[in-house]
Amino acid sequence: MSSMTFELSDSVTLLFDFWDVQGPGGRYGAFCGRVFLLTVFYELLKVWRVCLGVKSKMAQRQALYGHTPSSRCDDNSILESSPSASSLTPLDSHPSDPNRYSLLMMHIIQTVLHLMQVSLGYMVMLCVMSYNFWIFLGVILGSTLGYFISFPLLDQI
């Protein structure tokens, strides 16, 4: 049974038998090349899913009401963009096949991205559970850099 405390070892098996890290060169290779980039990609994937979700919601709204909500604030635009009692149901009760197909494709893409995000998340968790300080440091720094790069992109949505 392996130790349940963090250690500064140069030898660790990371996730798979073929990712056996030996010596300082392997430690930095595992730290920089694998775990660091895996964690950066995980953070970028989270933001990409959020961006696609926002675009999907906007596309659904446009398909239902025939336009996207206006950002103007005068009285006429508010009345035009808000649904009235007579327009609470969509204009077309059976959306056209291209809209249904594109919404289905967006849902499938979101599902695959969710699968990738969960898988990467568990892989990163298992890397940390190796209790190697260098691997842990790679996860923390990769997550920090991924957050730094990706989350300002959310403001551009």
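Since the structure is predicted, the reported quantities are computational estimates derived from the model, not experimental observations.

Visitor: I'd love a proper account of the overall build of the protein chain, names of residues and values included.
Guide: Scanning the protein chain from terminus to terminus reveals four helices and two strands. Of all 157 residues assigned to the protein chain, the portion counted as buried reaches 22%. Long-range contacts, defined as pairs at least 24 residues apart, comprise 73% of the intrachain contacts of the protein chain with a sequence gap of at least 6. Total accessible area on the protein chain is roughly 10,800 Å²; 66% of this is exposed by carbon and sulfur atoms.

Visitor: Please set out the UniProt feature "transmembrane region" (unreviewed entry) in the protein chain residue by residue, giving values where relevant.
Guide: Mapped onto this numbering, the UniProt entry gives "transmembrane region" (unreviewed entry) at residues 28-48 and 131-154. Annotated as residues 131-154, this span is 75% helix and 0% strand, and its ends, taken at the C-alpha atoms, are 33 Å apart.

Visitor: I'd like to hear about unusual backbone geometry, residue by residue, with values.
Guide: Residue Tyr131 is not a glycine yet carries a positive backbone phi of 60 degrees. By secondary structure assignment, the location of Tyr131 is in the loop between helix 3 (97-128) and helix 4 (133-150).

Visitor: An account of helix 4 is needed here, citing residue identities and associated values.
Guide: One turn of the α-helix equals 3.6 residues, which is why residues spaced by three or four share an orientation. When the terminal C-alpha atoms of helix 4 are compared, their 25 Å separation across 18 residues agrees well with the 26 Å that a helix rising 1.5 Å per residue should span. Along helix 4, the residues classified as buried are Ile135, Gly138, Val139, Gly142, Gly146 and Ser150. In an axial view of helix 4, the angular spread of the buried residues amounts to 100 degrees, which keeps them on one side of the axis. A distance of 2.9 Å separates the backbone nitrogen of Trp134 from a side-chain oxygen at the start of helix 4, and that oxygen is part of Asn132.

Visitor: How would you explain the side chain of Glu43 if you had to name every residue and give the values?
Guide: Within the fold, Glu43 resides in helix 1 (residues 23-65). With a relative accessible area of 6%, Glu43 lands in the buried category. If near-sequence neighbours (up to four positions away) are discounted, Glu43 is found in contact with Ser143, Gly146, Tyr147, Ser150 and Phe151.

Visitor: Let's hear about a nonpolar patch on the surface: which residues, and what values?
Guide: A cluster of nonpolar side chains, Phe41, Tyr101, Leu104, Met105, Ile108, Val112 and Met116, forms an exposed patch at the surface whose accessible area comes to about 630 Å². A per-element tally of the nonpolar patch places helix 3 first, with six residues. Inspection of the secondary structure puts Val112 in helix 3. According to the relative accessible area criterion, Val112 is partly exposed, its value standing at 43%.

Conventions adopted
Residues numbered from 1 in each chain as written. Predicted model: local features only at pLDDT ≥ 70, side-chain atom pairs only at ≥ 80, totals over all residues. Heavy atoms only, no water. Helix = DSSP H or I, 4+ residues; strand = E, 2+ residues; numbered from the N terminus. Buried < 20%, exposed > 50% of the residue type's maximum accessible area, 1.4 Å probe, protein only. Contact = heavy atoms within 4.5 Å. Areas by Shrake-Rupley, 256 points an atom, 1.4 Å probe, with all protein chains shown as cover. UniProt positions renumbered as here; feature names shortened; annotations may be inferred. Expected span 1.5 Å × (residues − 1). Arc of directions from axis to C-beta. Polar contact = N/O pair within 3.5 Å; in protein donor to acceptor, adjacent residues only side chain to side chain. Patch = residues over 30% accessible without salt bridge, like charges linked within 9 Å, V, L, I, M, F, W, Y side chains within 5 Å. Salt bridge = Lys/Arg side-chain N within 4 Å of Asp/Glu carboxyl O.

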